[in-house]
Amino acid sequence: MRATLIATALLFSSLAQADEAKAQPYTYGTQLDVASVLSVKIKPTPYCEVTDAVMTYRDSAGAERKLAYRTLSEACKYQN
């Protein structure tokens with residue numbers, strides 16, 4: 001039972017990393033062609049800190065793309 005839980009956790013972890021691996025990393029000056037944003041996933045953390053995010057969007061040609069970038073965590077919204 002424990003081995004199954006560990007295997008499942010590793011599978012989900014590898015899927016999350018694979019999802020981020022497909023994303024183009026943002027750099028200053030990157031020319032973006034965003035027609036519509038489909039989703040934004042921010043790596044959760046209980047602290048107000050800089051964390052990883054991935055935006056999935058469609059460009060003007062209709063192709064789905066992903067962009068990886070750094071942003072403040074959601075926890076920062078609730079701290080003064």
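Starting afresh in each chain, residues are numbered from 1 along the sequence in its written order. Per-residue local features are limited, in this predicted model, to residues with pLDDT of at least 70; the limit for side-chain atom pairs, both in listing and counting, is 80 or more; totals at the level of whole chains, interfaces and linings are taken over all residues. In computing side-chain values, all of the structure's heavy atoms are included and hydrogens and water are not.

Looking at an unreviewed UniProt entry, one finds the protein chain named DUF2790 domain-containing protein and attributed to Stutzerimonas stutzeri.

Draft legend 1. Spatial organisation of the pattern of salt bridges. A carboxyl oxygen of Asp or Glu within 4 Å of a side-chain nitrogen of Lys or Arg is what we treat as a salt bridge. Scanning the model with the defined rule gives 4 salt bridges in all. The closest approach of N and O atoms between Asp52 and Arg70, which form a salt bridge, is 2.7 Å. Taken as a pair, Asp52 in strand β3 (residues 50–58) and Arg70 in strand β4 (residues 64–72) lie far apart in primary sequence, 18 residues in all. Taking relative accessible area as the criterion, Asp52 reaches 27% and is therefore assigned partly exposed. Per-residue accessibility, obtained with a 1.4 Å probe over protein chains only, is compared with the maximum for each type, and a residue is labelled buried under 20%, exposed over 50%, and partly exposed between these values. With relative accessibility at 52%, the residue Arg70 sits in the exposed group. Notably, a salt bridge pairs Arg65 with Asp59, separated by 2.7 Å at the nearest N-O pair. The exposure class assigned to Asp59 is buried, which follows from its relative accessible area of 6%. Helix and strand assignments come from DSSP, with helices taken as H or I runs of at least 4 residues and strands as E runs of at least 2, each series counted from the N terminus.

Draft legend 2. A look at the state of the cysteines. By disulfide we mean two sulfur atoms from cysteines, separated by a distance within 2.5 Å. Scanning the entire structure with this criterion turns up 1 disulfide. A disulfide bridge connects Cys48 with Cys76, and the sulfur atoms are separated by 2.0 Å. Between Cys48 and Cys76, the S-S torsion sits near 105°, and that sign places the bridge as right-handed. Remark: Cys76 occurs in the segment after β4 and Cys48 occurs in the loop between β2 (36–42) and β3; sequence separation between them is 28 residues. Owing to a relative accessible area of 37%, Cys48 belongs among the partly exposed residues under this scheme. On the accessibility criterion, Cys76 (16% relative accessible area) is buried.

Draft legend 3. The sheet that holds β4, seen in detail. Any two strands between which DSSP finds at least two bridges are classified as paired. The 4 strands are arranged β1-β4-β3-β2 in an open sheet whose pairing can be described as mixed. The open sheet terminates on both sides in strands that have one partner only, identified here as β1 (24–25) and β2. Note: β3 against β4, 9 bridges, orientation antiparallel. The residue bridging Tyr57 from the neighbouring strand is Arg65, located in β4.

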